[in-house]
Amino acid sequence: MIGNPLYPTYQTFLALGIAALIALVLMPLWIRILKFEGIGQQVRADGPKRHLVKQGTPTMGGVVILISVVLTCVLMARFSVELLLVVGATVATGLLGLIDDVTSVTHGRSLGLTPHAKMIGLTLICVVFCLVAVNLCGVTPAVRFPGGFTIDLSGIKTVFQIGDRAYYIPWLYLIFTWLVIAGFSNAVNLTDGLDGLAGGTSMIAMLIMAAIAFMRSDPGLAIFGAACAGACLGFLWFNCYPASIFMGDTGSLALGTAFASMGLITNTEVASLIIGGLFIIEALSVMIQVVSFKLTGKRVFLMAPIHHHFEKLGWAETKVVIRFWIVAAAFGALGFALFFQLG
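Under the counting rule described, the total for this entry stands at one cavity of 30 Å³ or more. By volume, the largest cavity is sized at about 40 Å³. Lining the largest cavity are Ile65, Leu66, Val69, Thr90, Cys228, Ala254, Leu255 and Ala258. Taken together, the elements giving at least two residues each to the lining of the largest cavity come down to helix H2 (62-76) and helix H8 (248-265). Along the lines of polarity and charge, the residues of the lining of the largest cavity split into seven nonpolar, one polar and no charged.

Here it is as structure tokens:
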């Protein structure tokens, strides 16, 4: 392990720098490999016309993001069950996204796995995460709100025996876990539609989660959050407009799970809902658009997700991205303040 464990602040910031450096070093090589193999992004046919020039841009940059995060954690952190669980869930979701990206590229379409297949994979990851978090990590199956109000989700459960130890599945909390992980994974995936948008907003959100883990005296999770932010920072060097590579579902699904799992493992789910507010808005814009069109035949937005709506209004892509970064930072500050209220 690099660094002195007596200085967790130093280790956390060093983890951010190391992850960014690894991404900066590996990404050019990965881009060359993808170009040599002819692996590129398939652009939505119904998207903004100016996005057609992005057709064929290398994708699956999330592979390097994941490698950067894992290597940084191996170098910097002392692995605990909590850290192993969060890293494992992130990598597993990244592999699911990788399958989706490969399917998309090989079939020459903008969509890879079917939504049904993707949800089955996410559900399996959520079930394992919930079982380990509750039974081995001591996570309380409850949701805490400001003012001391708590909703206990442990009432309906199934207890089973493995050897000399009893384990249990709290079914309501399992459903809640699925909503949080699957929700944020897909929300970040929907946010990944403009150059630098998902990378920048994820970096901001993971920095806030790293600070929360640090405040809760969990240096391992703080290093993980900082590593995710650092990997996004290194990725942004190549993903800023005009992008040389996209993160693909490999990166967006993994980053969504990383964010959600940190909120769950630290029992700061309510605060994380605020910190990830921009991701929720992106997902809600799609839901509102679909429901409105099915019920009334009319669209609420010029195009969903909502970042495309602002493009259709005439905003430059870079203006949309930077303003969304500002909104994400505002949500992050508000959520961090709420974390202190929750105690």
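Moving on, we come to the pairing of strand E4 (residues 165-170). Note: strand E3 (residues 157-162) against E4, six bridges, orientation antiparallel. Pairing of Gln161 across the sheet is with Ala166, part of E4. Linkage of E3 to E4, two consecutive antiparallel strands, is achieved through a turn of two residues, within which Gly163 is found at a positive phi near 65°.

A separate point is the state of the cysteines. Enumeration over the complete set of coordinates arrives at zero disulfides. Cysteine Cys137 shares no disulfide, and the gap to the nearest cysteine sulfur, in Cys130, comes to 11 Å. Cys228 forms no disulfide, and the closest cysteine sulfur to it belongs to Cys232, at a distance of 6.9 Å.

Moving on: the packing of aromatic side chains. In the structure shown here, the tally under the stated rule is 10 aromatic pairs. Taking the centre distance of 5.9 Å and the plane angle of 80° together, the rings of Phe310 and Phe324 count as edge-to-face. With Phe310 in helix H11 (residues 306-312) and Phe324 in helix H12 (residues 317-342), the pair connects residues that are 14 residues apart, well separated along the chain. Accessibility expressed as a relative area gives 6% for Phe324, which makes it buried. Taken together, Phe184, Phe259 and Phe279 form an aromatic cluster joined through their ring pairs. A cation over an aromatic ring shows up here: Arg323 above the ring of Trp315, its NZ or CZ 4.7 Å from the ring centre.

By the element assignment, Ser185 lies in helix H5 (residues 171-191). Placed 70 residues apart in sequence, Ser185 and Leu255 show a C-alpha to C-alpha distance of 7.1 Å. Not counting chain neighbours up to four residues away, the residues in contact with Ser185 comprise Thr93, Leu122, Ser252, Leu253, Gly256 and Thr257. Polar contacts involving the side chain of Ser185 include one to the main-chain carbonyl oxygen of Leu253, which spans 3.5 Å.

Here we come to the nonpolar core. Formed by 80 residues in total, the largest nonpolar core has its most connected members in Phe224 and Ile265. At 13 residues, helix H7 (residues 219-239) tops the list of elements feeding residues into this core. Among residues more than four places away in sequence, those in contact with Ile265 are Glu82, Leu85, Val86, Phe129, Ala133, Cys137, Val139 and Leu221. Counting 11 residues, the second-largest nonpolar core is a separate cluster that includes Ile204, Phe301, Ile306 and Val320.

Our focus in this paragraph is helix H6 (residues 197-215). Look at H6: 28 Å from first C-alpha to last across 19 residues, which is about the 27 Å you get at 1.5 Å a residue. With 15 of 19 residues buried, H6 lies mostly within the body of the structure. Phi for Ser217, located one or two positions after H6, is positive at around 60°.

Mapped onto the fold, Thr103 is located in helix H3 (residues 81-107). Judged by relative accessible area, Thr103 falls into the buried class, the value being 15%.

Right, let's get into unusual backbone geometry. For the peptide bond that leads from Tyr241 to Pro242, omega is -10°, which places it in the cis range. One can find Pro242 in the loop between H7 and H8. Of the consecutive residues Ala304 and Pro305, the connecting peptide bond is found in the cis state with omega at 0°. Note on placement: Pro305 falls in the loop between helix H10 (277-296) and H11. Despite not being glycine, Ser217 has its phi angle at roughly 60°, a positive value. Tracing the backbone shows Ser217 in the loop between H6 and H7. Judged by relative accessible area, which is 63%, Ser217 ranks as exposed.

Conventions used here
Residues numbered from 1 in each chain as written. Predicted model: local features only at pLDDT ≥ 70, side-chain atom pairs only at ≥ 80, totals over all residues. Heavy atoms only, no water. 1 Å grid on protein atoms, 1.4 Å probe; cavity = no way out; pocket = protein on both sides within 12 Å on 5 of 7 lines; lining within 4 Å. Points joined across faces, edges and corners; volume = space filled by probe spheres on them. Helix = DSSP H or I, 4+ residues; strand = E, 2+ residues; numbered from the N terminus. Nonpolar A, V, L, I, M, F, W, Y, C, P; charged D, E, K, R; others polar. Pairing = 2+ DSSP bridges. Disulfide = S-S within 2.5 Å. Phe/Tyr/Trp six-rings, centres within 6.5 Å; stacked < 30°, edge-to-face > 60°. Buried < 20%, exposed > 50% of the residue type's maximum accessible area, 1.4 Å probe, protein only. Lys NZ or Arg CZ within 6 Å of the ring centre and 35° of its normal. Contact = heavy atoms within 4.5 Å. Polar contact = N/O pair within 3.5 Å; in protein donor to acceptor, adjacent residues only side chain to side chain. Core = buried A, V, L, I, M, F, W, Y, C linked by side-chain atoms within 4.5 Å. Expected span 1.5 Å × (residues − 1).

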